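Coordinate analysis (summary)
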Amino acid sequence: MNYKAGLILSPAVIGKTASTKLLNSDAVNGIGVFGAFGYAGFLFFSGVKMDPTMVTRLSKRAIYIGFLSIIPPALFALSILQVFCNTKEEKDIQMEIAFGYASSTFPVITCVLSELKIINSELGRIAQSSAIVSGILSIFLFVFCNLFGENFHSVLIEFSIILIYTAFLFLVIRPAIKFVVRRLPEGKLLDKFFIGLFVFMFLLSVISAKWSPRFRFLGPHLLGLAIPDGPPVGSTLVEKLESMMNQIFLPMLFVTSGMRVEKLFIIFRSHLSIVTAFSIAVAMMVKFVACLLPSLYNNMPFKDALTVSAIMCSKGAVELAGFIYFSDKKIIDAELYALLFYFILFMSIVVPMLVTSLYDPARKYAGYHKRNIMALKPNSELSIVSCIHVPDDVTAAINLLDVALPSKDSPMVVNVLHLMKLRGQSTPIFISHDKRRSPNVSSYFENIIVSFDKFEGTNWGAISVNAFTAVSSPNFMQEDICTLALDKASSLIILPFHRRWYIDGNIESDDKYIRTLNSKVLEMSPCSVGILIDRGKINRPVYDDPLSEPEYHVAVIFIGGHDDREALTFAKRMALNTRVTLTVIHLVAAENEVKGDNWGKMLDTVILRDVQKNGYIHYEEMKVSDGPETARILHSVVSEFNLIIVGRRADVESPQTSGLSQWTEFPELGALGDLLASKDYSGRCSVLIVQQQRTA
């Protein structure tokens, strides 16, 4: 959008006379100064959010893709200029700009992945890792070519300054920051003094560019890399300052880049423009094919390999800033600048379109295999993914698992996934915790591991627990949840409800990000999903005999359909637990209709017949005429149970729920789930809303 706004105000569109009257060259250059400042901030925060230690954890595939994404296109581009450039001046210009269209930079690719919402996907991680390799190689190649240029002495001095500056940052500044962080109380954020100090250091790094014009924006980026990512330092700086840079100053760079364009249509009159256009076309084709080869060699699906190659061809602010610099320094003329600008604009439009058409991140979660509780064989192992956001979720999850845990004959595997918001980092992190190495994890997650470890020890042989942490943006957490469920062949994902209540029934918190996350998981999950509304802390059973085992009263509200059958199957597993008393309340329409899925009704009949035959399950059948009558029945029985399980039954119409949708507050819970989540039912019992896996 900023590209287009600037282009509309350029001499190429409104004419040179009108453009001069509106904004003369001095005004454009003045705005460009703020744009350059925004670009420096963009690189600084890209460094702050990046973990330098990622370099030590790169896979071979990422190294190969990163290497091939820069070396072959750069060699082809340099070969073309050696063959077709007639003068040394043309060769020098081509060498300066060749790295702009041949490289792949980490900040640009991270921005593209974030905009396309695939940064948490497997392809997103591969592209980010590959961009790190490509970025490092680009810097080394740029330095190498400049060192062997005409101004060897001046370049060597600048490069030496950069090396000294880098050593000072990573050997003095970074350890000093870590020293201060270690002495901060856990959970405390940086105060204003330290924020001001970092801003001052950033301004110094920007000003120092005059001593190293060739590496003018490398200083802020290196400073950002030296600052530890994540909380408390990186997250505080990003939260306080990044929005100002990205929303105010950086757009000025894009606007002025378009305002500098003097030619709307390029007529290749100069030999240099023709060579550049040919060089760009060849370099990008070579780059695309070169990135494709390692992916195909590693047996990546062809469409996914094409997607990675397209992502590695992304262009954006980093390349554009370089071309603006060449234009301002008169290294390139107006025609060549227009060509390079249109190239950036073209790639910024084509790459997202190509990636969107080739790659659907939800495709891998398609339910071609039955991964639900009904599909499990009797007494087979049940694999569950239990998501944790806050400490209260730990207690709620353990209470539910305690009810669902029957015996050693029907074991359970629980994959505990601690979800943390990505703060001050650009790269999502997924950690598999080994309980024997708990000192390496945060004290907060140690407490979570200890709680589940204690629960596992109490039920030794019946349950095994695996612990994971996912640090990512709330917009992409569903990828981590669904990927873990897919990898662990889980049959059920348990999600905490986004709303929590105080003991008196008033709302304690209402997290819209968790609600959005739950909706996304319901939509793309590779297995069944349960949303747990925890009111257990309000309605905890109290026993006169402290030695007696707690008794749980569980109810299933059954109307019919896939979700209700899944909910009842999970409840029947609970009924095998000797401490659980299960009641099935079957709501039957007063006027029995013959409409609907006959096969589904037959399955309902079969599962209910099995319930009626079981002596340890209480079965009640109630006739209802409409939704309000169903609401009255639930209100009358809800206080009798510790847990009520219902099917989600989204978009399923039935006489038993007719009229309830008009008052729905949480459509993602379904009609009955929304009813039981309302304030009228607060303090009565916990609720589990179940959705069966959606098969393709």
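Residues numbered from 1 in each chain as written. Predicted model: local features only at pLDDT ≥ 70, side-chain atom pairs only at ≥ 80, totals over all residues. Heavy atoms only, no water.

A closer look at the overall build of the protein chain
The criterion, for reference: Starting at the N terminus, helices and strands are each numbered in turn, a helix being any DSSP run of H or I of at least four residues and a strand any DSSP run of E of at least two. Accessible area is worked out with a 1.4 Å probe on protein chains only. A residue is then buried under 20% of its type maximum, exposed over 50%, and partly exposed in between. Contacts are assigned to residue pairs that have any heavy atoms within 4.5 Å of one another. Methods summary: accessible areas were calculated by the Shrake-Rupley approach with a probe of 1.4 Å, and residue burial reflects only the protein chains presented.
Of regular secondary structure, the protein chain possesses 24 helices and 13 strands. Residues counted as buried form 53% of the 696 residues belonging to the protein chain. Partitioning the intrachain contacts of the protein chain with sequence separation of at least 6 by distance along the chain shows that 84% fall at a separation of at least 24. Carbon and sulfur atoms form 61% of the exposed surface of the protein chain, whose accessible area is close to 32,100 Å².

Thoughts on the packing of aromatic side chains
To keep it simple, the criterion reads: Note on ring pairs: Phe, Tyr and Trp rings are taken, using the six-membered ring of Trp, and paired if centres are within 6.5 Å. Classes follow the plane angle, with under 30 degrees stacked, over 60 edge-to-face and the rest tilted. Only when the NZ atom of a Lys or the CZ atom of an Arg is both within 6 Å of the ring centre and within 35 degrees of the ring normal do we say a charge sits over the ring.
One pass over the structure, following the stated rule, counts ten aromatic pairs. Among the aromatic side chains, those forming a connected cluster through ring pairs are Phe34, Phe37, Phe44, Phe45, Phe202 and Phe249. Here Lys512 stacks its cationic end above the ring of Tyr513, 5.6 Å away from the centre of that ring.

A word on the packing of helix H13 (residues 271-297) against helix H16 (residues 334-358)
In plain terms, the rule: Axis definition: a line fitted to C-alpha atoms, limited for helices to the stretch in contact. Angles are taken between N-to-C directions and run from 0 to 180 degrees. Our angle categories are set so that under 35 degrees counts as roughly parallel, over 145 as roughly antiparallel, 65 to 115 as roughly perpendicular, and the remainder as oblique. Here is the rule for handedness: rotate from the far helix to the near one, and if that takes an anticlockwise turn smaller than a right angle the crossing is left-handed, while a clockwise turn gives right-handed.
The interhelical angle for the contact between H13 and H16, taken along N-to-C directions, is 20°, at an axis separation of 9 Å. Looking at the two axes, H13 sits roughly parallel to H16. As H13 packs across H16, the resulting crossing turns out to be right-handed. For the pair H13 and H16, contact is made by Leu272, Ser273, Thr276, Ala277, Ile280 and Met284 and by Glu335, Leu336, Leu339, Leu340, Phe343 and Met347, respectively.

Quick notes on the side chain of Ser309
Structurally, Ser309 can be placed in helix H14 (residues 302-312). Taking the relative accessible area as the measure of exposure, Ser309 reaches 0% and is therefore buried. For Ser309, the residues in contact, after removing those within four places along its chain, are Phe288, Cys291 and Leu292.

Quick word on the nonpolar core
What counts, and what does not: Here, the term nonpolar core denotes a set of buried Ala, Val, Leu, Ile, Met, Phe, Trp, Tyr and Cys residues that are joined through side-chain atoms within 4.5 Å.
If you look at the biggest cluster of nonpolar residues, it comprises 90 residues, and the most contacted ones within it are Tyr39 and Leu237. In terms of residues, this core owes the most to one element, H16, which gives 14 residues. When residues no more than four places from it in sequence are discounted, the contact partners of Tyr39 are Phe217, Leu250, Leu253, Ala317, Val318 and Ala321. Membership of the second largest hydrophobic core comes to 47 residues, among which are Leu419, Phe468, Ile481 and Trp501.

Here we look at the packing of helix H5 (residues 60-84) against H13
Quick note on the threshold: Put simply, Ala, Val, Leu, Ile, Met, Phe, Trp, Tyr, Cys and Pro go in the nonpolar bin, Asp, Glu, Lys and Arg in the charged bin, and everything else, Gly too, in the polar bin.
Axis separation between H5 and H13 bottoms out at 8 Å; the angle between their running directions is 155°. One element, H5, and the other, H13, form an angle in the roughly antiparallel class. Between H5 and H13 the crossing geometry is right-handed. Contacts between H5 and H13 pair Tyr64, Ile65, Leu68, Ser69, Pro72, Pro73, Phe76, Ala77, Ile80 and Phe84 from the former with His271, Val275, Phe278, Ser279, Val282, Ala283, Val286, Lys287, Ala290, Cys291, Pro294 and Ser295 from the latter. In the contact of H5 with H13, the residues fall into 17 nonpolar, four polar and one charged.

Quick word on the environment of Gly30
When you line up the elements, Gly30 lands in helix H4 (residues 25-48). In this structure the C-alpha to C-alpha distance between Gly30 and Thr256, which are 226 residues apart in sequence, comes to 9.6 Å.

What about the pairing of strand E13 (residues 686-691)?
Threshold: Should DSSP find at least two bridges between two strands, the strands are regarded as paired.
With six of six residues buried, E13 lies mostly within the body of the structure. Here E13 shows two buried faces, one formed by Ser686, Leu688 and Val690 and the other by Val687, Ile689 and Gln691. Pairing of strand E8 (residues 528-533) with E13 involves five bridges; the strand directions are antiparallel. Among the inter-strand pairings, Ile531 is bridged to a residue of E13, identified as Ile689. Relative to E13, strand E12 (residues 643-647) runs parallel, the two being bridged by five bridges. Paired with Gly647 across the two strands is Val690, which belongs to E13.

Observations regarding the sheet that holds strand E10 (residues 580-589)
With mixed pairing, the eleven strands of this open sheet are ordered in space as E3-E4-E2-E1-E5-E8-E13-E12-E9-E10-E11. Two strands lie at the open edges of the sheet, namely strand E3 (429-433) and strand E11 (617-624), each paired on one side alone. Looking at each pair of strands side by side, their axes are set apart by 20° on average, direction ignored. Sheet analysis places strand E2 (residues 412-421) next to strand E4 (residues 463-472), joined by ten bridges and oriented parallel. Bridging from a neighbouring strand, Val414 pairs with Val465 of E4. In the packing of helix H17 (residues 391-404) onto the sheet, the strands contacted are strand E1 (382-388), E2, strand E5 (492-496), E8, strand E9 (552-558), E10, E12 and E13, and the crossing angle to E1 comes to about 160°. Packing against the sheet, helix H22 (residues 598-613) makes contact with E9, E10 and E11, and its axis sits at approximately 130° to E11.

Some details on the pattern of salt bridges
Keep this limit in mind: When a carboxyl oxygen of Asp or Glu is within 4 Å of a side-chain nitrogen of Lys or Arg, the pair counts as a salt bridge.
Counted under the stated rule, the structure contains nine salt bridges. With its nearest N and O atoms 3.3 Å apart, the salt bridge here joins Glu665 to Arg499. With Glu665 in the loop between E12 and helix H24 (670-676) and Arg499 in strand E6 (residues 499-501), this pair connects stretches of sequence that are 166 residues apart. Since its relative accessible area comes to 40%, Glu665 is described here as partly exposed. Across the pair Glu668 and Arg515 runs a salt bridge whose closest N-O atoms are separated by 2.9 Å. Linking Glu668 in the loop between E12 and H24 with Arg515 in helix H20 (residues 512-524), this pair joins segments that are 153 residues apart in sequence. On the basis of relative accessible area, Glu668 is assigned to the buried category, the value being 7%. Since its relative accessible area comes to 27%, Arg515 is described here as partly exposed. Each of the salt bridges in this network shares a partner with another, and the network as a whole consists of Arg499, Asp510 and Glu665.

A few points about the confidence of the model for the protein chain
Stated formally: You can read pLDDT as the predictor saying how much it trusts each residue, on a scale of 0 to 100.
Per-residue pLDDT for the protein chain averages 79, and the proportion of residues at 70 or more is 84%. Between the elements of the protein chain, mean pLDDT differs from a low of 59, seen in helix H3 (residues 16-22), to a high of 94, seen in E5. Per-residue pLDDT stays below 50 along residues 436-441; that stretch engages in five contacts with residues further than four places along the chain or on separate chains.

Quick look at the pairing of E8
For E8, a buried count of six out of six residues is recorded, marking the element as mostly surrounded by other parts of the structure. Relative to E8, E5 is paired through five bridges, and the arrangement is parallel. When the sheet's bridge partners are listed, Leu492 is paired in E8 with Ser528.

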